[in-house]
Amino acid sequence: MCIRDRYQRRVHGDLRNLMGFKRFVQAGRVAYINYGVDHGKVCVIVEVINSTRVLVDGPTLGVPRQVISLRRLALTDHLLKVAKGIHTKALEIVIKKEDLVKKIGESSWAKKLASQKRRAELNDFERFQVMMLKRQKAYLVNKDVAQSHGKKPKKESAKKAQQAKMDNNRIKHHFTLKSHQKKKKKKKKKY
Amino acid sequence: GINAEYMGIQFSQIRIMVKKFKWYPAEDEKKPFQRKSKAKKKPVATRKGLNPGVVCIVLSGRFRGKRVLFLRMLPSGLALVTGPYKVNGVPLRRMNPAYLLVTKTQVKPEAISKEADTIDDKYFAKAKEAKKKEEEKLFADTAAKAKVFPPEKKEKQGKIDQPILAVLDPLMKKYLATRFTLRNGMKPHELVFQLL
């Protein structure tokens, strides 16, 4: 536990921090490089130089030990228990021990990045397939919504309808088929 | 020589201009480009990824946006292409390969029959009409004769398209039937058609 955490504990007791910051720039903080030569790679903060710059290292992660601006970093939730100024070789051992690569790969952030990358690589036929699948999904979802609205619901079935809506992932609770139709009618009245 | 002077100019200084040609054109005639060297015209460079059966997107012309199948390169440098006709209405047609966007998707090349090899540039040549005299033209039938698409060409289209249609699955047919368009959020410079 670093000095900061100890201070927080002492001052605020159980409340770790009053301002709600959870990810601190500290030795051992795993960060994602957003910009520059090593864009897209993950590194570990080794030492804090000043309010804008940090010393960073990523032995098995493809990042050479370097000073980098904090503006180029995005902090992650992962924190390694290392002392500040740790040498590259020692850091490499810690990374392997913690299996950092695997942990990062499992995070939803990494998964989102992977899906973004895949989307960018789609070729024309794949884009067409995706379009077809989206339409099929939308059809099924809208069909379900329409059915849940079609019948005048009694209290029980209303609850069921609500549940059905909640089960469908992408439907926002304020969007209903009827409200959508009302909007369409309103638009027509303008002319 | 005459050793005389006129207005400060020596006679010996004067040069007499003689016309080389009797007739000079008013403007320079435009000559077609002619290679000075005897170098032969190079054959059209093969586009990477443009193989028989590859799906291409037509970028301009009547069929712009249509997804068509590339058959082969013709000796004139144009690409021979087919819809297939029953799928998207594109017949056997020559197209400038520069206006074909090559994609990664490829139909089985075995489906492209050897019939495609028999088609040449001559296949697309316009049929020559018998020369009519001016008078004959005046008395000719004002009702225009219906242009009939030659049945031999229809047959040819069928021969080439049939094995292709046998290989295409419904999704692929739908894909070829749909035109390519840019939609919101699609950035042409970022779209991938083939990872080269």
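Residues numbered from 1 in each chain as written. Chains lettered and ligands numbered in written order. Predicted model: local features only at pLDDT ≥ 70, side-chain atom pairs only at ≥ 80, totals over all residues. Heavy atoms only, no water.

K.L.:
So what exactly am I meant to see when it comes to the overall build of chain B here?
P.N.:
Secondary structure summary: chain B contains five helices and seven strands in total. Scored against the burial criterion, the 196 residues of chain B give a buried share of 28%. Pairs at least 24 residues apart make up 62% of the contacts formed inside chain B by residues separated by at least 6 positions. With the model as given, the accessible surface of chain B reaches about 16,100 Å², and the carbon-plus-sulfur share is 55%. (Helix = DSSP H or I, 4+ residues; strand = E, 2+ residues; numbered from the N terminus. Buried < 20%, exposed > 50% of the residue type's maximum accessible area, 1.4 Å probe, protein only. Contact = heavy atoms within 4.5 Å. Areas by Shrake-Rupley, 256 points an atom, 1.4 Å probe, with all protein chains shown as cover.)

K.L.:
I would appreciate a short explanation of the overall build of chain A in the present structure.
P.N.:
In terms of regular secondary structure, chain A is built from seven helices and five strands. In chain A, the order of α-helices and β-strands from amino to carboxyl end is α-β-β-β-β-β-α-α-α-α-α-α. By the burial criterion, 27% of the 191 residues in chain A qualify as buried. Sequence separation of at least 24 residues holds for 45% of the intrachain contacts in chain A that already meet a minimum separation of 6.

K.L.:
Just to check I follow, could you spell out the packing of aromatic side chains for this structure?
P.N.:
Across all of its chains, the model carries five aromatic pairs over all chains by this definition. Between Tyr32(A) and Trp109(A) the ring centres are 5.5 Å apart and the planes differ by 50°, which places this aromatic pair in the tilted class. Separated by 77 residues along the polypeptide, Tyr32(A) in strand β1 (residues 29–33) and Trp109(A) in helix α4 (residues 108–121) bring together distant segments of the chain. Centre to centre, the rings of Phe180(B) and Phe193(B) are 5.7 Å apart; their planes meet at 65°, and the pair counts as edge-to-face. Linking Phe180(B) in the segment after α5 (170–177) with Phe193(B) in the segment after α5, this pair joins segments that are 13 residues apart in sequence. Taken together, the aromatic side chains of Phe125(A), Phe128(A) and Tyr175(B) make up a single cluster linked through ring pairs. (Phe/Tyr/Trp six-rings, centres within 6.5 Å; stacked < 30°, edge-to-face > 60°.)

K.L.:
Please explain the interface of chain B and chain A as it appears in this structure.
P.N.:
Interfaces are often sized by the accessible area lost when the parts come together. Each partner contributes residues to the interface: chain B has 16 residues there, and chain A has 10 residues. Summed over both sides, the interface of chain B with chain A buries roughly 1,100 Å², with 65% coming from carbon and sulfur. The three residues of chain B that bury the most area against chain A are Leu171(B), Tyr175(B) and Val192(B), which together make up 43% of that side's buried surface. There are one salt bridge connecting chain B and chain A. The closest approach of N and O atoms between Asp124(A) and Arg67(B), which form a salt bridge, is 2.9 Å. On inspection of chain B and its partner chain A, the count reaches three residue pairs in polar contact (both at pLDDT 80 or more). Broken down by secondary-structure element, the contributors of at least two residues to the side of chain B that touches chain A are β7 (100–106) and α5 of chain B. Broken down by element, the side of chain B that touches chain A gets its largest block of residues, four residues, from α5(B). For the side of chain B that touches chain A, the per-class residue count stands at nine nonpolar, three polar and four charged. (Buried area = accessible area lost by both parts, 1.4 Å probe. Salt bridge = Lys/Arg side-chain N within 4 Å of Asp/Glu carboxyl O. Polar contact = N/O pair within 3.5 Å; in protein donor to acceptor, adjacent residues only side chain to side chain. Nonpolar A, V, L, I, M, F, W, Y, C, P; charged D, E, K, R; others polar.)

K.L.:
I would appreciate a short explanation of the nonpolar core in the present structure.
P.N.:
With 22 residues, the main nonpolar core has Leu71(B) and Ile164(B) as its most contacted residues. Mapped by element, the contributors of at least two residues to this core are α5 (124–150) of chain A together with β4 (67–73), α4 (151–167) and α5 of chain B. Not counting chain neighbours up to four residues away, the residues in contact with Ile164(B) comprise Leu69(B), Leu71(B), Thr82(B), Pro84(B), Ala111(B) and Ile112(B). Core analysis: the second largest hydrophobic core is formed by 17 residues, Val42(A), Val94(A), Leu100(A) and Ile104(A) among them. (Core = buried A, V, L, I, M, F, W, Y, C linked by side-chain atoms within 4.5 Å.)

K.L.:
I tried to follow the pairing of strand β5 (residues 79–82) of chain B on my own but got confused; where do I start?
P.N.:
The two faces of a sheet get side chains in turn, since along a regular strand they alternate between them. Residues and elements named next belong to chain B. Residues of β5 alternate between two faces, with Ala79 and Val81 on one and Leu80 and Thr82 on the opposite face, all of them buried. Note that β4 and β5 share four bridges and pair antiparallel. Bridge pairing links Met73 to Ala79 in β5. In sequence, β4 turns back onto β5 through a hairpin of five residues, with Gly77 there showing a positive phi of about 100°. (Pairing = 2+ DSSP bridges.)

K.L.:
How should the sheet that holds strand β2 (residues 42–48) of chain A be read in this particular structure?
P.N.:
Think of a sheet as strands paired side by side through backbone hydrogen bonds, with each pair either parallel or antiparallel. Residues and elements named next belong to chain A. Taken in spatial order, the five strands line up as β4-β3-β2-β1-β5 in an open sheet, and their pairing is antiparallel. Each of the sheet's edge strands pairs with one partner strand only, and the pair in question is β4 (63–69) and β5 (73–79). Each strand of the sheet is rotated relative to its neighbour by a mean of 40°, with strand direction disregarded. Inspection of the sheet shows β2 paired to strand β3 (residues 53–58) by four bridges, in the antiparallel sense. Residue pairing for β3: Val48 is matched across the bridge by Val54. Helix α2 (residues 88–98) contacts β2, β3 and β4 of the sheet and is inclined by roughly 130° relative to β2. (Axes fitted to C-alpha atoms, helices over the stretch in contact; angles between N-to-C directions.)

K.L.:
Sorry if this is basic, but what is going on with the environment of Lys114(B) here?
P.N.:
Note on placement: Lys114(B) falls in the loop between β7 and α2 (115–118). A sequence separation of 46 residues divides Lys114(B) from Ile160(B), and the C-alpha atoms of the two residues are 8.4 Å apart.

K.L.:
Even after reading the chapter, I still don't get unusual backbone geometry, so can you show me in this structure?
P.N.:
Negative phi characterises most residues that are not glycine, and trans characterises most peptide bonds. Along the chain, Gly83(B) connects to Pro84(B) via a cis peptide bond; the corresponding omega equals 0°. Structurally, the position occupied by Pro84(B) is in the loop between β5 and α1 (85–88). Even without a glycine there, the phi angle at Asp99(A) is positive, about 55°. Residue placement: Asp99(A) occurs in the loop between α2 and α3 (100–106). Accessibility expressed as a relative area gives 37% for Asp99(A), which makes it partly exposed.

K.L.:
Explanation requested: the side chain of Asp38(A) in the structure shown.
P.N.:
All names here are of chain A. Within the secondary structure layout, Asp38 lies in the loop between β1 and β2. Among the polar contacts listed, one links the side chain of Asp38 to the side chain of Gln66, at a separation of 2.9 Å. Excluding anything up to four places from it in sequence, Asp38 contacts Ile33, Gly62, Val63, Pro64 and Gln66.

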